[in-house]
Amino acid sequence: MGDEGQGMTKPILRALAGEAVWPPPLWLMRQAGRYLPEYRAIRAEAGDFISLCINPKLAAEVTLQPIRRYGMDAAILFSDILMLPWALGYGLRFAEGEGPVLPPLRDAATLATLDSARVPGAIEPILETVRRVRVELDATRPGETALIGFAGAPFTVACYMVEGHGSKEFGAVRGMAYRDPALFGGLMDILTKATIVYLSAQIEAGAEVVMLFDSWAGVLPPLLFAAHVIEPARQIVAALRQRYPHVPVIGFPRLGGLSIADYARVTGVQGLGLDTTVDPALASALVPGPVALQGNLDPLAVEAGGPAMREATGKILAAMRGRPFVFNLGHGIVPSTPPENVAALVGLVRAA
Ligand code: CP3
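Computed from a predicted model, the values in this text were never measured in an experiment.

With that out of the way, let us pick up the overall build of the protein. From N to C terminus, the protein includes 17 helices and nine strands. Counting only C-alpha atoms and orienting by the principal axes, one finds that the protein spans roughly 55 × 45 × 40 Å. Within the protein, the fraction of its 352 residues that count as buried is 57%. Pairs at least 24 residues apart make up 74% of the contacts formed inside the protein by residues separated by at least 6 positions. Within the structure as shown, the protein displays about 13,800 Å² of accessible surface, and the carbon and sulfur contribution to it stands at 56%.

Attention now goes to the packing of aromatic side chains. On inspection of all chains with the given rule, the structure shows eight aromatic pairs. Note on Phe49 and Phe94: the rings are 4.7 Å apart at their centroids and 70° apart in plane angle, and the pair reads as edge-to-face. With Phe49 in helix α3 (residues 49-53) and Phe94 in strand β2 (residues 93-95), this pair connects stretches of sequence that are 45 residues apart. Classification of Phe49 by relative accessible area gives buried; the value is 12%. Its relative accessible area of 25% is what places Phe94 among the partly exposed residues. Ring centres of Tyr160 and Phe170 lie 5.8 Å apart, and the angle between their planes is 70°; on these two criteria the pair is classed as edge-to-face. Taken together, the positions of Tyr160 in helix α9 (residues 154-163) and Phe170 in the loop between α9 and α10 (171-179) put the pair 10 residues apart, joining distant regions of the chain.

Conventions used here
Residues numbered from 1 in each chain as written. Predicted model: local features only at pLDDT ≥ 70, side-chain atom pairs only at ≥ 80, totals over all residues. Heavy atoms only, no water. Helix = DSSP H or I, 4+ residues; strand = E, 2+ residues; numbered from the N terminus. Buried < 20%, exposed > 50% of the residue type's maximum accessible area, 1.4 Å probe, protein only. Contact = heavy atoms within 4.5 Å. Areas by Shrake-Rupley, 256 points an atom, 1.4 Å probe, with all protein chains shown as cover. Phe/Tyr/Trp six-rings, centres within 6.5 Å; stacked < 30°, edge-to-face > 60°.

So this is what it looks like as structure tokens:
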């Protein structure tokens with residue numbers, strides 16, 4: 001301690017400001033979750049998943065569990081992308097072993113039930129989690145671990161609302177985007193505006209970075225990708241930059257393929273999440289600094305551990321050396337991952 005000014009800026013914030021910090025800062029998508037026995041214990045105490053997301057004491061505890069175990073450079077708020085539809089008054093439940101279930105949104109009458117006025121009140125317990133985590137990080141890891149807030153990107157949230165559950169192809173959503181652009185556009189507009197409100201509130205509560213998860217961006221062809229992935233992200237980034245110019249935004253247009261270059265350029269994000277399918281060296285050429293890249297180790301390589309994890313990690317680190325970069329996975333940790341493999345991964349990245 002005793003370090004002032006520059007030296008106190010958290011490594012991940014330096015990387016997202018365009019600095020080639022080395023070894024790179026790291027955190028892992030779904031770093032809080034079922035692979036950790038201490039998560040499973042709290043999850044059992046909370047009852048169902050939504051109850052955990054709206055219990056600030058337990059959600060803050062779960063957010064901090066991986067930080068205590070591994071000392072990551074970022075904590076990510078423990079919540080879910082579908083808590084925004086929940087806050088809009090839209091039915092949501094998590095069926096055990098099945099994932100999220102919602103009423104399928106297929107007509108204007110259902111769209112009209114979404115109530116944006118509910119959002120500020122409904123998200124209050126989530127904001128309280130943000131406040132608690134920030135207080136704890138400031139007290140225990142000053143200058144080290146930053147707090148990331150997040151939301152689902154409008155398209156991915158719309159995917160679950162229109163379909164009513166997860167899917168491989170999201171055919172109902174793509175069909176609606178072509179056949180009924182007014183209805184689909186109406187939904188996207190409500191979600192884009194609500195996302196700006198939601199992320200602004202997380203920043204006010206203490207989030208130092210925000211991330212937009214567009215997990216299903218890759219199901220769209222380029223024309224629809226531009227309209228429903230890039231354009232809403234551009235609007236969200238512009239609104240947040242205007243209000244909070246110092247808070248970086250990480251975009252994650254998963255499976256976006258070659259469109260990630262346009263995404264980075266047009267949206268104005270400070271960080272770009274790479275999924276597992278992207279060659280890191282090619283991505284580095286497609287998306288030059290100062291945009292920081294984030295990713296993209298295959299979660300299954302962490303589950304496997306050993307030489308496979310070491311080789312895959314080494315390849316990513318070699319491609320990213322010398323540019324702004326945040327080490328992460330290319331998608332969330334799988335529940336069957338041995339916690340000691342995560343410890344070994346952290347050791348590999350710290351030794352880069
Ligand atoms: O640690 C973190 O990354 C923070 C918390 C977080 C969760 N979900 C917790 C969660 C975050 C950032 C998310 C994002 C999320 N949620 C996404 C985008 C990222 C991605 O994975 O593509 C999506 C698509 C969802 C929707 C969702 N939530 C699904 C499809 C599921 C069921 C699948 C599963 O893993 O069970 C969830 C549930 C969920 N969200 C769990 C967790 C820890 C598991 C719930 C449990 O404990 O039973």
